[in-house]
Amino acid sequence: MSKAGLFDTFSAVSSEQWNQKIKKDLKGVDYDDTLVWESPEGIRVQPFYHSDDSEQLDLNAHVPTWNIGQTIAVLDATIANTQAKNALKRGAESLHLLITSTWIDIKELLRDIDNSAVLIYLELHFIDTKYVKTIVDFSKNTLCKIHLNIDPIGYLVRTGNWYFNAEKDQHILEEILALEMEDVVCIDLTSYQNAGANKVQQLGYALAHANEYLNMLSKPGQQLVSVSFKVAIGSNYFFEIAKLRALRWLWRSIAEQYNIKQDCHIIAIPTRRNKTLYDYNVNMLRSTTEAMSGVLGGANTICNLPYDAIYHKENDFGTRIALNQLLLLKNESYFDKVANAADGTYYLESLTEKLAEKALQLFKDIEKAGGFLSQLESGVIQKEIAQSADKEQIRFNEGNEVLVGTNKYQNLNDKMKQDVEIDPFAKPIEGSTLITPIIGKRLAEKLEQNRLSDE
């Protein structure tokens, strides 16, 4: 028996040969009009991809097995501690704890959670050196791996104001870095995606957002050691996989300039933008595929969004279903068995390269224009996101961007007015702001408001 490979006796077929065959089979029908479509980012998607189409950039980095995360809003340390321990018993491997007050006792919050396998993200919605010092002191006596998700610029983006002012926020952040906690800064990209930014914008803004910190804090004794990115994942399955892969490449490109060797750490969560009030069970399907994109894109931790999060208060059923979705992906669908599963896929390689190249150009344009903060202050970033959001909204309104059960295949007998516990609609920021805040808004809001008023 020959030891030659199965395909060694076949001649290689080039991309051009495949194109010629397809055009012949179309029998005069226009190739571009029939088989090629363009994404909102201006990327022309071909009907097939070939090794000839990839520049073989070094886009990949090894990512360890992803963690199943559980997000908990901490209003009371004792209650949140019970919720956290229950989540870990049910299969969660990391905890994403949202802390809005310095009154929260860290020792009580993390009581009896002392396992080297537990990854903990403390997302602080304030900036306070003394409070962080209590976390540092606590971390010295525990096996838990703790990330501080501090992002004053992200707070400015969401609210329109700094915590105090630009100078004081920077000074406090420098004090926190001096405490020598390894993981401090987290770039929150969810505001951009949830407000309607396309994927190139999300990546370009991510890089520019991060670069502000690198410029601000890259001083002797204050250089960033590690940076995390919190990313919202949308429904365009392959593009979202490519988005995360491009993010890693972009981070490495800029980190090298600051002599930073560490790869970025990615926390992925499903977007709110495509979630719906009516036919809400479809939200489970949306968040499942979005979580899959996060896994295949190489996120370190995936935190799911409960199917009823936009209109129900936090409840045990919704929380448990969200956790079970991730458990099914990991333990029954074997999404933890292969590292970098997307490597070598010509389509994904091409998408990754194109998103990275376009985002890098956007980043360069922002820097030439004065930097990210300057563009926020002048309203340029807000205007660009609004334009992208308006285009997406038009596609939704015309039925070209489909949300099943909402703008297509509606169940008109579905009633929701009595089930709404929290306001599911975007609200403007009250009071004066330094910049125009970037506020998330779901695609279905106007349609849902009309349906609610008609019930």
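Details of the structure are given in the entry above.
Note that this is a predicted model, so its numbers are computed, not measured. Numbering of residues begins from 1 in every chain and follows the order in which that chain's sequence is written. In keeping with the model being predicted, local features are shown solely for residues with a pLDDT of at least 70 and side-chain atom pairs are shown and tallied solely at 80 or more, while totals for entire chains, interfaces and linings include all residues. The side-chain numbers reported here are obtained from all heavy atoms of the structure, hydrogens and water having been left aside.

Draft legend 1. Local environment of the nonpolar core. Remark: nonpolar core denotes a set of buried residues (Ala, Val, Leu, Ile, Met, Phe, Trp, Tyr, Cys) joined through side-chain atoms within 4.5 Å. Only protein chains enter the calculation, and the probe is 1.4 Å; a residue is then buried if its accessible area is under 20% of its type maximum, exposed if over 50%, and partly exposed in between. Ile99, Leu109, Leu122, Leu124, Phe229, Trp251 and Phe372 are the most contacted members of the largest nonpolar core, which has 107 residues in total. Put simply, DSSP H or I for four residues or longer makes a helix, DSSP E for two residues or longer makes a strand, and each gets a number counted from the N terminus. The biggest single contributor to this core is helix H9 (residues 199-217), with eleven residues. The criterion used for residue contact is that any of the two residues' heavy atoms lie within 4.5 Å. Excluding its chain neighbours within four sequence positions, the residues that come into contact with Phe229 are Cys186, Ile187, Leu189, Ala206, Ala210, Leu247, Trp251, Cys264, His265, Ile266 and Ile267. Leu277, Tyr278, Tyr307 and Phe425 belong to the second largest nonpolar core, which has eight residues in total.

Draft legend 2. Broad picture of unusual backbone geometry. Even without being glycine, Asp112 reaches a positive phi, approximately 65°. Its place among the elements puts Asp112 in the loop between helix H4 (106-109) and strand E5 (119-124). Residue class for Asp112 comes out exposed when judged on its relative accessible area of 62%. For Glu180, which is not a glycine, the phi torsion comes out positive at approximately 65°. With respect to the secondary-structure elements, Glu180 resides in the loop between helix H7 (166-178) and strand E7 (183-188). Exposure remark for Glu180: the relative accessible area of 72% places this residue in the exposed category.

Draft legend 3. Representation of the sheet that holds E7 in the model. One bridge is not enough; two strands pair if DSSP finds at least two bridges between them. Sheet architecture is open: eight strands sit in the order E6-E5-E4-E3-E10-E9-E8-E7, paired in parallel fashion. The outermost strands of the open sheet, each flanked by one partner alone, are strand E6 (145-149) and E7. Geometrically, the sheet is characterised by an average inter-axis angle of 25° between neighbouring strands, direction not taken into account. With two bridges joining them, strand E9 (residues 265-270) and strand E10 (residues 301-303) adopt parallel strand pairing. Directly across from Ile267, in E10, lies its bridge partner Thr301. Strand contacts of helix H12 (residues 316-332): strand E3 (67-74) and E10, with the helix running at about 165° to E3, the strand carrying the most contacts. Lines fitted to C-alpha atoms define the axes here, with helix axes fitted over just the stretch in contact, and angles between the N-to-C directions of these axes take values from 0 to 180 degrees.

Draft legend 4. Geometry of the pattern of salt bridges. One speaks of a salt bridge when a side-chain nitrogen belonging to Lys or Arg is within 4 Å of a carboxyl oxygen belonging to Asp or Glu. Overall, the coordinates contain 21 salt bridges when judged by the stated rule. Between Arg90 and Asp316 there is a salt bridge whose closest N-O contact spans 3.0 Å. Residue Arg90 is found in the loop between helix H3 (77-89) and strand E4 (94-99), and its partner Asp316 is found in helix H12; the two are separated by 226 residues along the sequence. Where Arg158 meets Asp188, a salt bridge forms, and the shortest distance between an N and an O atom there is 3.5 Å. You can see Arg158 sitting in helix H6 (residues 152-159) and its partner Asp188 sitting in strand E7, a full 30 residues away along the chain. The network of salt bridges with shared partners includes Glu41, Lys199, Glu240 and Lys243.

Draft legend 5. The arrangement of the pairing of E5 in detail. The buried fraction of E5 amounts to six of the six residues, a majority that puts the element mostly inside the structure. Residues Leu119, Tyr121 and Glu123 point to one face of E5 and Ile120, Leu122 and Leu124 to the other, with burial holding for every one of them. Relative to E5, E4 runs parallel, the two sharing six bridges. Bridge pairing links Leu95 to Ile120 in E5. One ladder, built from five bridges, connects E5 with E6; its direction is parallel. Looking at the pairing, Leu122 lines up with Leu148 of E6. Seen with its strands pointing away from the viewer, a crossover is right-handed when the path leading from the first strand over the helix to the second is clockwise. In this view, the connection linking E5 to its parallel neighbour E6 by way of helix H5 (residues 129-139) has right-handed handedness.

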